[in-house]
Amino acid sequence: MSFPNHRPRRLRTTPAMRRLAAENRLTAAELILPAFIREGLSEPNPIGSMPGVVQHTTDTLKRAASEAVELGVGGIMLFGIPARRDAEGTASLDPDGVLNKAIRDVRAEVGDDLVIMSDVCLDEFTDHGHCGVLGRDGYVDNDATLDIYAKMAVAQADAGAHVLGPSGMMDGQIGVIRQALEDAGHVNTAVIAYAAKYASAFYGPFREAVDSQLKGDRRTYQMDAANRREAIQEVELDLAEGADMVMVKPAMSYLDILRDVAEMSPVPVAAYQISGEYAMIEAAAANGWIDRRAAVTESVLGIRRAGANMVLTYWASELAGWLREA
Ligand code: PBG
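Residues numbered from 1 in each chain as written. Predicted model: local features only at pLDDT ≥ 70, side-chain atom pairs only at ≥ 80, totals over all residues. Heavy atoms only, no water.

1. Description of the overall build of the chain
1) Next: Regarding its fold elements, the chain presents eleven helices and ten strands.
2) Next: Relative to the globule expectation of 20 Å for 326 residues, the C-alpha radius of gyration of the chain, 20 Å, shows essentially globular dimensions.
3) Next: Taking the principal axes of its C-alpha atoms as reference, the chain extends roughly 75 × 45 × 40 Å.
4) Next: Within the chain, contacts between residues at least 6 apart in sequence are counted, and of these 75% link residues at least 24 apart.
5) Next: Per element, the accessible surface of the chain, about 15000 Å² overall, is 50% carbon and sulfur.
6) Next: Separation of charge centres in the chain, based on 32 positive and 46 negative side chains, amounts to 9 Å. (Helix = DSSP H or I, 4+ residues; strand = E, 2+ residues; numbered from the N terminus. Rg over C-alpha atoms; globule rule 2.2 N^0.38 Å. Contact = heavy atoms within 4.5 Å. Areas by Shrake-Rupley, 256 points an atom, 1.4 Å probe, with all protein chains shown as cover. Lys, Arg positive; Asp, Glu negative; His and termini not counted. Charge placed at Lys NZ, Arg CZ, Asp CG, Glu CD.)

The following block contains the structure:
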């Protein structure tokens, strides 16, 4: 055999060599922990399809947030589960409602040491489980929903959120939220756009996590899994409306989309490793079919390699702990 000038295996010989040659590496600061808080709980409530993830009480949420700070995690994304729901999701606007109160509590606990993000969406608050209000034709009424999102956004910014995450895929949502924030004087509250969010079967466990009342699906407002170009259009619209960051969601089945967006986006790109992605790895690991820690690490590294600057993952704190050991 001749001596090729380049033999990639030379750079794989020892752990130190592999570490040196690694093109991507994970850091805690780029991880965002999604967290659920449920109104009226006295004990945290385990989520069956997401082993290790709970619906928090105020106390356990505050503890999870300060633990995230200690571990160097970059941010937390808050979702609230109200005790009462109605067709318009009015509990979302109550300054003392479950999510707004949680934002205030977490902000009081960690201050500016963790980026506090919150979900601007109605699905947790409506009794029909859709991300917006329903029109007489049975479709989600895009523009009527925007009016509520604008008020929700201001309520969450008032409560102390650093970043708002509108996840409902209404057209124009970034623009109306930006405008409402400006009008209310919240000029420094940022918006992370769920720009390319696909209608996915992998949201299943999240529906349990938030006790979703949804019957049917969200295919009239979330993107079709068949489409790739459309993701660029969604991102361009959100950028034009003032998005500070853009997100691709889910992650694993959409890594090509993530790469496309990473290549064109002038703002930081996030990816959401969603509930079903979490559940699959946990289930396989629980069966002894895969090595849990290696699989978790590889899954998040794959998302980073595809081009995400930051990753929302239910493993954020645990992974951050591993990174500190390594
Ligand atoms: C909607 C929302 C969903 C998720 C985040 N925000 C559910 C949906 O669109 O049906 C899913 C996150 C996950 O599955 O981990 N508010």
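2. Let's talk about the pairing of strand β1 (residues 31-38)
1) Next: Counting buried positions along β1 yields seven of eight residues, so the element is predominantly enclosed.
2) Next: Bridging between β1 and strand β10 (residues 310-313) involves two bridges; their strand directions are parallel. Paired with Leu-31 across the bridge in β10 is Val-311.
3) Next: In the sheet, β1 pairs with strand β4 (residues 75-81) via seven bridges, with the strands oriented parallel. Within β4, the position partnered with Arg-38 by the bridge is Ile-81.
4) Next: In this structure, β1 lies alongside strand β3 (residues 54-56), joined through two bridges in parallel fashion. Its bridge partner lying in β3, Ile-37 is registered against His-56. (Buried < 20%, exposed > 50% of the residue type's maximum accessible area, 1.4 Å probe, protein only. Pairing = 2+ DSSP bridges.)

3. Let's talk about the nonpolar core
Across soluble globular proteins, nonpolar side chains show a tendency to be buried alongside one another.
1) Next: Among the nonpolar cores identified, the biggest contains 101 residues, and Phe-36, Ile-76, Leu-78, Tyr-149 and Val-246 are the most heavily contacted of them.
2) Next: Residue contacts for Val-246: discarding those within four places in its chain leaves Ala-193, Ala-195, Val-235, Leu-239, Val-261, Ser-265, Val-267, Pro-268, Val-269 and Ala-270. (Core = buried A, V, L, I, M, F, W, Y, C linked by side-chain atoms within 4.5 Å.)

4. As for the environment of Gln-213
1) Next: Mapped onto the elements, Gln-213 comes out in the loop between α6 (204-209) and α7 (229-240).
2) Next: Apart from the residues within four sequence positions on either side, Gln-213 is in contact with Arg-85, Thr-126, Asp-127, His-128 and Gly-129.
3) Next: Among the polar contacts listed, one links the side chain of Gln-213 to the backbone oxygen of Asp-211, at a separation of 2.7 Å. (Polar contact = N/O pair within 3.5 Å; in protein donor to acceptor, adjacent residues only side chain to side chain.)

5. Description of unusual backbone geometry
1) Next: Each neighbour pair has its own omega, and for Lys-249 with Pro-250 the value is -10°, a cis peptide bond.
2) Next: Along the chain, the position of Pro-250 falls in the loop between β8 (245-249) and α8 (255-264).
3) Next: Positive phi outside glycine occurs at Met-169, with the angle close to 55°.
4) Next: Structurally, the position occupied by Met-169 is in the loop between β6 (163-166) and α5 (173-183).
5) Next: Positive phi, normally seen in glycine, also occurs at Asp-211, with a value near 50°.
6) Next: Structurally, Asp-211 is set in the loop between α6 and α7.
7) Next: Of the residues examined, Asp-211 reaches a relative accessible area of 27% and is grouped as partly exposed.

6. Re empty space enclosed by the protein
1) Next: Applying the stated criterion to the full structure yields one cavity of 30 Å³ or more.
2) Next: In this structure, the largest cavity is lined by 18 residues; those nearest its centre are Asp-123, Lys-197, Tyr-203, Phe-206 and Lys-249.
3) Next: Of all the secondary structure elements, the ones that give two or more residues to the lining of the largest cavity are β7 (190-197) and α6. (1 Å grid on protein atoms, 1.4 Å probe; cavity = no way out; pocket = protein on both sides within 12 Å on 5 of 7 lines; lining within 4 Å. Points joined across faces, edges and corners; volume = space filled by probe spheres on them.)

7. So, the site of the ligand
1) Next: Taken together, 17 residues surround the ligand, and among them Asp-123, Arg-207, Lys-249, Ser-275 and Tyr-314 come closest.
2) Next: Interatomic distance of 3.5 Å between a side-chain N/O atom of Glu-124 and a nitrogen atom of the ligand.
3) Next: With respect to the ligand, the side chain of Arg-207 contributes an N or O atom lying 2.6 Å from an oxygen atom.
4) Next: Surface burial for the ligand is 100%, taken as the share of its 400 Å² of free accessible area covered by protein chains.
5) Next: Here the residues of the shell around the ligand sort into seven nonpolar, three polar and seven charged. (Near = heavy atom within 4 Å. Nonpolar A, V, L, I, M, F, W, Y, C, P; charged D, E, K, R; others polar.)

8. Topic: the layout of surface pockets
1) Next: There is about 430 Å³ of room inside the largest pocket.
2) Next: Taken together, 14 residues make up the lining of the largest pocket; nearest its centre are Arg-25, Leu-26, Thr-297, Leu-323 and Ala-326.
3) Next: Every element with two or more residues in the lining of the largest pocket is listed here: α1 (15-21), α10 (292-306) and α11 (316-325).
4) Next: Of the residues that constitute the lining of the largest pocket, the class distribution is eight nonpolar, two polar and four charged.

9. Some words on the packing of aromatic side chains
1) Next: Evaluation of the coordinates by the stated rule reveals nine aromatic pairs.
2) Next: With centroids separated by 6.4 Å and ring planes inclined at 50°, the aromatic side chains of Tyr-194 and Tyr-272 adopt a geometry described as tilted. Highlighted residues: Tyr-194 in strand β7 and Tyr-272 in strand β9 (residues 269-273), separated in sequence by 78 residues. Neither residue differs from the other here; Tyr-194 and Tyr-272 are each classed as buried.
3) Next: Grouped by ring-pair contacts, the aromatic residues Phe-36, Phe-79, Tyr-194, Phe-206, Tyr-272, Tyr-278, Tyr-314 and Trp-315 constitute a single cluster.
4) Next: A cation over a ring is seen here: Lys-197 above Tyr-203, with NZ or CZ 5.4 Å from the ring centre.
5) Next: For the cation-ring pair, Lys-249 lies above Tyr-272, with the distance from its terminal atom to the ring centre recorded as 4.6 Å. (Phe/Tyr/Trp six-rings, centres within 6.5 Å; stacked < 30°, edge-to-face > 60°. Lys NZ or Arg CZ within 6 Å of the ring centre and 35° of its normal.)

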